[in-house]
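Commentary on secondary and tertiary structure
Take a look at the letters that make up each chain.
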Amino acid sequence: MVPSKIQRRKVLTFDEFIDFVNASQLNVNIELKGITGNHGPKLAKSLIKQLVEAMPKFSPEVEILFSSFNIPLLKAVQEALPQYPRAVLYEMCAFYEDWRTVLDFCDTHILHLEDIDLTEALVRRIKDDGYILNVYTVNDVDRVNQLFNFGVDGVFTDYPQNLVHLQESL
């Protein structure tokens with residue numbers, strides 16, 4: 001058995017990430033992960049404070065979107081950084097009929113929904129209600145095409161290089 005080569009990559013600091021984004025002029029979705037444990041509230045406040053300090057370092061030309069499954073954290077971002085749009089993330093198993101209320105509470109019309117069991121009827125209902133819908137994680141090119149035909153606004157994928165042809169046809 002031949003040992004596989006492991007590619008080691010350095011995880012960027014947030015400042016290094018900002019420099020990279022500014023240099024490449026990439027638009028970004030910053031997903032805020034939930035903070036658990038006894039120190040969760042303190043860490044969440046610290047995270048928001050650090051974001052407030054760091055966000056002015058981004059180039060004004062870069063579009064930034066915050067997203068999270070964690071509603072209190074999204075609400076804190078809304079209060080501290082209201083100029084940035086937010087998206088609520090949902091796993092399909094937790095996507096209940098109160099989703100509109102949750103998005104309204106977070107003052108957003110952007111929904112990031114898991115691809116599992118996503119139907120054309122649900123996409124049309126969400127879109128007909130005036131929401132922006134991005135779907136994650138879609139790695140099959142045929143499924144990406146199908147979702148765009150359903151009317152989704154965007155997809156998250158692990159293999160963007162396989163979707164370049166879609167951008168060219170838009």
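Up top is the structure these notes are about.
Computed from a predicted model, the values in this text were never measured in an experiment. (Residues numbered from 1 in each chain as written. Predicted model: local features only at pLDDT ≥ 70, side-chain atom pairs only at ≥ 80, totals over all residues. Heavy atoms only, no water.)

1. Points about the side chain of serine 59
Following the sequence through the fold, serine 59 ends up in the loop between helix H2 (40-54) and strand E2 (64-68). Ignoring any residue separated from it by four or fewer positions in sequence, one finds serine 59 in contact with Asn22 and Gln25. (Helix = DSSP H or I, 4+ residues; strand = E, 2+ residues; numbered from the N terminus. Contact = heavy atoms within 4.5 Å.)

2. Some words on the sheet that holds strand E3 (residues 86-90)
Spatial ordering of the open sheet is given by E1-E2-E3-E4-E5-E6, a layout of six strands whose pairing is parallel. Each edge of the sheet is formed by a strand with only one pairing partner; in this case those strands are strand E1 (28-31) and strand E6 (154-155). Across four bridges, E3 lies against strand E4 (residues 110-114) in parallel orientation. Bridging from a neighbouring strand, leucine 89 pairs with histidine 112 of E4. (Pairing = 2+ DSSP bridges.)

3. Quick look at the nonpolar core
Of all hydrophobic cores here, the largest spans 24 residues; its most connected members are Tyr90, Phe95, Leu111, Leu113 and Ile126. Those elements that provide at least two residues to this core are E3, helix H4 (99-105), E4, helix H5 (120-128), strand E5 (132-136) and helix H6 (141-150). Discounting residues that sit within four places of it in the chain, leucine 111 has contacts with Val88, Tyr90, Phe95, Trp99, Leu103, Ile126, Ile132, Leu133 and Asn134. One finds Val28, Val62, Val77 and Leu81 within the second-largest nonpolar core, a separate group that totals 18 residues. (Core = buried A, V, L, I, M, F, W, Y, C linked by side-chain atoms within 4.5 Å. Buried < 20%, exposed > 50% of the residue type's maximum accessible area, 1.4 Å probe, protein only.)

4. Considering the pattern of salt bridges
Inspection of every chain in the model, using the stated rule, returns 11 salt bridges. The salt bridge involving glutamate 97 is made with arginine 125; its shortest N-O contact spans 3.3 Å. A residue pair is termed long-range when its members are at least 10 positions apart, and glutamate 97 in the loop between E3 and H4 and arginine 125 in helix H5 qualify at 28 residues. The class for glutamate 97 is exposed, based on a relative accessible area of 57%. Residue glutamate 120 pairs with arginine 124 through a salt bridge whose shortest N-O separation is 2.4 Å. Taken together, the residues span about one helical turn, with glutamate 120 and arginine 124 both in helix H5 at a distance of four residues. With a relative accessible area of 32%, glutamate 120 lands in the partly exposed category. One continuous salt-bridge network, built from bridges that share partners, spans Glu97, Arg100, Arg125 and Asp129. (Salt bridge = Lys/Arg side-chain N within 4 Å of Asp/Glu carboxyl O.)

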